[in-house]
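The residues making up each chain are set out below.
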Amino acid sequence: MSTPPKQDGSVEEGQRLEGRSVPASDARDPAYFHYYAQFVHQQNMLQDNVRTSAYHSAIMVNAAAFRDKLVMDLGAGSGILSYFAVQAGAQKVYAVEASGMSHKIQKLLDSADTKNTWMKNKLEVISAKVENATAPKVDTLISEPIGVLLVHERMIESYLVARDRFLKPGGVMIPSSGNIYLAPFTDANLWTQTMTKVRFWEQTNFYGVDFCPLALDAREEIFGQPVVGIFDRRILLAAPSSYAVDFETISMEELQDFVIPFTFQPAFTGIVHGIAGWFDINLGGLVLNTGPQADRTHWQQVRFLLKEPLAVNAFDTITGWMRLTVNESRSYDIVVELTVGDGASLATPSNIGMADAALLRSQPGGHGYRRGQWALHEQTYMYEQTLDYSQPEFLSMYTPENAAVLQNVSDAALDEVAWTSAGLVTPVDPAIIASGAPPQQ
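Heads up: these notes are all about the structure in this document. Treat the numbers as computed from the prediction; the structure is a model and nothing was measured.

Definitions and limits used
Residues numbered from 1 in each chain as written. Predicted model: local features only at pLDDT ≥ 70, side-chain atom pairs only at ≥ 80, totals over all residues. Heavy atoms only, no water. Pairing = 2+ DSSP bridges. Helix = DSSP H or I, 4+ residues; strand = E, 2+ residues; numbered from the N terminus. Axes fitted to C-alpha atoms, helices over the stretch in contact; angles between N-to-C directions. Left-handed = near helix turned anticlockwise from the far one by under 90°. Contact = heavy atoms within 4.5 Å. Nonpolar A, V, L, I, M, F, W, Y, C, P; charged D, E, K, R; others polar. Core = buried A, V, L, I, M, F, W, Y, C linked by side-chain atoms within 4.5 Å. Buried < 20%, exposed > 50% of the residue type's maximum accessible area, 1.4 Å probe, protein only. Phe/Tyr/Trp six-rings, centres within 6.5 Å; stacked < 30°, edge-to-face > 60°. Lys NZ or Arg CZ within 6 Å of the ring centre and 35° of its normal.

Attention shifts here to the sheet that holds strand β14 (residues 332-340). Pairing is antiparallel across the open sheet formed by four strands, whose spatial order is β9-β13-β14-β15. If you trace the sheet from one side to the other, it starts and ends with β9 (257-264) and β15 (369-375), each paired once. For this sheet, the mean inter-axis angle between neighbouring strands, taken without regard to orientation, is 15°.

This part is about the packing of helix α7 (residues 188-200) against helix α8 (residues 215-223). Helix-helix packing is characterised by the crossing angle of the two axes and by the distance between the axes. As a packed pair, α7 and α8 sit with axes 9 Å apart at the nearest point and diverge in direction by 145°. Seen along the crossing, α7 lies across α8 with a hand that is right-handed. Across from Trp-191, Thr-194, Met-195, Lys-197 and Val-198 in α7, the residues of α8 making contact are Ala-215, Ala-218, Arg-219, Ile-222 and Phe-223. Looking at the contact of α7 with α8 residue by residue, the class counts come to seven nonpolar, one polar and two charged.

Cis geometry is found at the peptide bond from Ile-174 to Pro-175, where omega equals 10°. For Pro-175, the location among the structural elements is in the loop between β5 (167-174) and β6 (177-185). With phi around 75°, Leu-150 is a residue other than glycine that occupies positive phi space.

Before going further, it helps to examine the side chain of Gln-256. Of note, Gln-256 is situated in helix α9 (residues 252-256). Setting aside anything within four residues of it in sequence, one finds Gln-256 in contact with Val-22, Arg-154, Glu-157, Leu-324, Thr-325, Val-326 and Tyr-332.

What follows concerns the environment of Ile-235. Along the chain, Ile-235 turns up in the loop between β7 (227-229) and β8 (241-246). Sequence-distant contacts of Ile-235, defined by excluding residues within four places in its chain, comprise Pro-184, Phe-185, Thr-186, Asp-187, Arg-303, Tyr-389, Leu-395 and Met-397.

Attention shifts here to the nonpolar core. In terms of nonpolar packing, the biggest core is built from 115 residues, with Phe-66, Leu-149, Leu-150, Val-151, Leu-182, Leu-324 and Ile-334 touching the most fellow members. Non-local contacts of Ile-334, meaning those with residues more than four positions away in its chain, are made with Leu-149, Phe-304, Met-322, Arg-323, Leu-324, Gly-372, Gln-373, Trp-374 and Leu-376.

On to the sheet that holds strand β1 (residues 70-74). Strand order in the open sheet made by the five strands is β3-β2-β1-β4-β5, with parallel pairing throughout. Where the open sheet ends on each side, the last strands, each with one partner, are β3 (123-126) and β5. Put simply, the sheet's adjacent strands are angled 25° from each other on average, direction ignored. With four bridges connecting them, β1 and strand β4 (residues 138-143) associate as parallel partners. Opposite Val-71, over in β4, you have Thr-140 as the bridge partner.

Let us look at the packing of aromatic side chains. Think of a pair of aromatic rings as described by two things: how far the centres are apart, and how the planes are tilted against each other in angle. One pass over the full model with this rule turns up 17 aromatic pairs. Where Phe-206 meets Tyr-207, the ring centres are 5.0 Å apart and the plane angle is 80°; that geometry is what we call edge-to-face. Site record: aromatic cluster; members linked through ring pairs are Phe-200, Trp-201, Phe-206, Tyr-207 and Phe-211. The ring of Tyr-32 has Arg-330 lying over it, and the distance from NZ or CZ to the ring centre is 3.8 Å. It is Arg-330 that lies over the ring of Phe-33; its NZ or CZ is 5.9 Å from the centre.

This is the structure we're talking about:
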């Protein structure tokens, strides 16, 4: 059942809306499982030392959840989590893997008389999707079911199926939860490079062809591609908002259509070029963070560029929401709405089109309003560039003139105060924080 919008037009966290059927992703399965059956992609994940070492540490630290227990490894891939579970003392591990990589796990097990003898009779490979699998109830469920912005690839849905079908009451899930983080960012260089791609389609004489009729379509498509890559945390204009996803309790319906409300208060005067996103997951009390302040992982971070950037003053209030709904491409369609100013109204996050946003922008008071939409699976890539991050003004981020007076600090210390107030320089452990609490951003 959906939650009605509040009277002021804002939305409650996690609000879902009815009237839309859930797209199946089965048509994408052959390409998806073919991708993960390849050694090169499994190697890419295995060589993500932050990811692999975090899972290894989590399993060993939580050895009591594995010793003499029945364990299921969902989406086992190379089988690495299954092997860790055996090393932690599991009685039996059921490695569920629907791609051809299941045969590679079996080949490794078939050699257990002479190689990896500690695996012998400890693992059973189930070559099927978990929705079709047959297995006993287990004490512990382990998986790496996450993608870009936590939810890309829709593998968490299978994780919930495994939870409901095979996990004993009171059983252990690793990971048990995750958090999605969103923050406004400024990056004129990235925006300009993206716009340059659009400009190509504005040519009036490309070998005698006028491409202008295609320019608007090109702009929609190019700016509708999320930009995956790492970036320096200092491009963030404000501390992030977070949205918690509890894998132990969330329902399938709540996962397939949800809204993340956000409120930001930038520490600088500058230009919002879009919204940045990343996530963390709780691995039995150890937190694996993929944010810009942490060591790089293969998930990296993601940025959603606005077609029209938004100017903000320091200490302005930016409010808005991001709605994520599943699509047929094993991913999510994303709509973001944001506005500047106390008391600014927001639309209800329903199936609204960009024409609505254009109309609102043309009305008085609409100058501080933006809406964008993206397909999370239509990713493009941009990696960190060599920029001078030593001072905010080099990134077109300007410290408010009266901040030194208001905070009673010297001008020399002012920039550091602004960075700190934005929540961008809090030191954290680069990879894993050994507590169940979300890391400070």
